[in-house]
Amino acid sequence: MHENTKAITDLILKVREKSRQETGNEPAPEMPKPIQWPIQCLVGPGLEGAIACESKVGYVNGAKGWLVYRGYDVFDLCAYSTFEEVSYLLLYGQLPGNSQLKAFKEKMVKYRSIPSTIRLLANFPVATMNTMSALSFGASLMKQELFSQKQDNYRFENGRTISADEDSIPMETRPRGEEHAIYEFNRLDKTKESAEGLYPGADYESSLRLIAGVASVAGAVARLKQGNLPIDSDPNLSHAANLIYMITGKYPTAVQERIMDIALILHADHGINASTFATLVVASTLSDIYFAVGSGIAALNGPLHGGANEQVLHMLKNIGGSDRVDSWYENARAKKEKIMGFGHRVYKAYDPRARILGPLAEYLIKENDDPEVKQLFDVALALEKKVIATLGVEKKIFPNVDFYSGIVYSSLGIPVELFTPIFAVSRVSGWVSRVMEYLEHNRIFRPRAMYSGSFNAEYLPIEKRT
Ligand code: CMC
């Protein structure tokens, strides 16, 4: 382990102790019992409190500030593990052994290389697109790449092509002696397609392709946005190091790699949050997992969800200096504005992810000494103090994962429009793990609405309507 990364591990362990001390008095969670469906629960608007499914993937305890993946405390995973191990854990339910991890990493190397997808993506005006729509588009193109590969493997054979009267078809190329005219549309044999799993819906292999490949798409989107050509992943680098490398074009230091790795671990899964729910809803229709992940990306984009990390940075820049925090905050409070990066549906304690990301941001700032990022951090600290003293006391509103993540990414040289895509790169592992689990006992999602409209409306012809 690199000397400086040991200091990061120590920092996380210290944070873990502080968290345990501060939330030690909160009631312990009820032990899970065998679940008997249907379940009775109180449901609020936005499905608050609703139980949608049973899961062993992860657990969030809002009172204690716990985040658990497959039984492991996220603090321990951040201190000792890697994103590759954590993705394996989420997907398959246990930490990998040596040979399993080696095989998993080899697959990640293979699936990070998606040249056709990147070529296709580069043909679109990515520079003018929203980064999250480009990312979602890239995820769909990955499906297309898979589709083409299968088609390539499945070459037409003599006798399977249709014959035609060549003279009756306008030809752009001269016949080269083929026995039969060959039509693209005749290449596909529908029965063989489904038998070969050309539309598999969801499977572990596609899950791995998505965990590995969405990072490459994010890297390509970043480069294309800056007017540069995408860079191939480096098979000798970890997922975290590759992500920084593919975005910035620079090899990260051991500290930068470790911090990105921790950020990826922290964002990997988080209960049935909005984007995970969106992913599950799409998967539950037996649509395919690439579409499902695309809808997860779309849901994550919103400023109330993953999009908050970009908004936080704009807000901190907008405030401009720690001496301006008081007046800015009073004004925002008077207008009843939401403060980006604060509050959470589940956490009524300090978000454990922010507990780690705040000190990591501080650590990076000390290392880098970048005055611009230092100023952002100072503003963030002053704002946090103000919010905790007011909203924290009144409504248990604390910083969430998005409050410090942007400062961390800025210190790593990552542009702001990549913050939410990086969140998605990590969350893919949670999305696909939960989809695979849900599909074992799939039931299409179909909640109801309370109808509060009228009945017996009289249909009027258009000229009589007011
Ligand atoms: N700033 C000011 N007031 C807030 C905030 C905030 N950030 N968050 C909640 N409140 C107040 C809200 O005004 C409401 O007050 P009242 O009861 O007086 O009307 C009360 O707290 C409950 O808020 P809510 O919006 O009903 O709570 P929710 O559980 O529906 O929403 C939330 C959770 C995350 C959408 C919300 O806290 C929020 O909008 N935060 C800002 C955006 C943000 O940082 N999002 C990232 C969430 S964490 C990571 C992720 O999911 O991506």
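Remember, predicted model here, so these are calculated numbers, not experimental data.

A.B. asks: Run through the environment of Leu42, naming residues and quoting values.
C.D. replies: With respect to the helices and strands, the residue Leu42 is situated in the loop between α1 (3-23) and β1 (58-61). Here Leu42 falls in the exposed class, since its relative accessible area comes to 80%. In contact with Leu42, other than residues within four places in its own chain, are Glu48, Gly49 and Ala50.

A.B. asks: Quick rundown of the confidence of the model for the protein? Include the residues and the values.
C.D. replies: In low-pLDDT regions, the fine details of the predicted coordinates are not to be read closely. Here the protein averages 90 in pLDDT, and 88% of its residues register 70 or above. Contacts of residues 154-171 to residues separated by more than four positions or lying in other chains number 30 contacts, the stretch itself having pLDDT below 50. Contacts from residues 180-199, a stretch scored under 50 in pLDDT, to residues over four places away or in other chains number 35 contacts.

A.B. asks: So what about the pairing of strand β2 (residues 66-69)? Which residues, and what values?
C.D. replies: Alignment of β1 against β2, held across four bridges, turns out to be antiparallel. Within β2, the position partnered with Gly58 by the bridge is Tyr69. Between the antiparallel neighbours β1 and β2 lie four residues, among them Gly65 with a positive phi of about 70 degrees.

A.B. asks: Outline the pattern of salt bridges, listing residues and values.
C.D. replies: Using the criterion set out here, one finds 16 salt bridges in the structure. Here Arg20 makes a salt bridge to Asp73, at a shortest N to O gap of 3.3 Å. Here Arg20 is found in helix α1, whereas its partner Asp73 is found in strand β3 (residues 72-73), with 53 residues between them in sequence. Classification of Arg20 by relative accessible area gives partly exposed; the value is 40%. When its relative accessible area of 17% is taken as the criterion, Asp73 is described as buried. Glu394 is the partner of Arg333 in a salt bridge, and the nearest nitrogen-oxygen pair spans 3.0 Å. Here Arg333 is found in helix α14 (residues 325-334), whereas its partner Glu394 is found in helix α16 (residues 371-395), with 61 residues between them in sequence.

A.B. asks: Can you lay out the site of the ligand for me, pointing to particular residues and giving the numbers?
C.D. replies: Contacts to the ligand come from 21 residues, most closely from Lys338, Ile339, Gly341, Phe342 and Arg345. At 2.9 Å from a nitrogen atom of the ligand is found a main-chain nitrogen or oxygen belonging to Leu304. Here an oxygen atom of the ligand and a side-chain polar atom of Lys338 are 2.7 Å apart. Burial of the ligand by the surrounding chains reaches 68%, relative to a free accessible area of 920 Å². Mapped onto the shell around the ligand, the elements with two or more residues apiece are α16 and α17 (401-411). Residues from two domains meet in the shell around the ligand; each of domain 1 (3-163 + 182-307 + 414-439) and domain 2 (308-411) gives at least three.

Analysis parameters
Residues numbered from 1 in each chain as written. Predicted model: local features only at pLDDT ≥ 70, side-chain atom pairs only at ≥ 80, totals over all residues. Heavy atoms only, no water. Helix = DSSP H or I, 4+ residues; strand = E, 2+ residues; numbered from the N terminus. Buried < 20%, exposed > 50% of the residue type's maximum accessible area, 1.4 Å probe, protein only. Contact = heavy atoms within 4.5 Å. pLDDT = per-residue confidence, 0-100. Pairing = 2+ DSSP bridges. Salt bridge = Lys/Arg side-chain N within 4 Å of Asp/Glu carboxyl O. Near = heavy atom within 4 Å. Polar contact = N/O pair within 3.5 Å; in protein donor to acceptor, adjacent residues only side chain to side chain. Areas by Shrake-Rupley, 256 points an atom, 1.4 Å probe, with all protein chains shown as cover. Domains from an automatic or database assignment.

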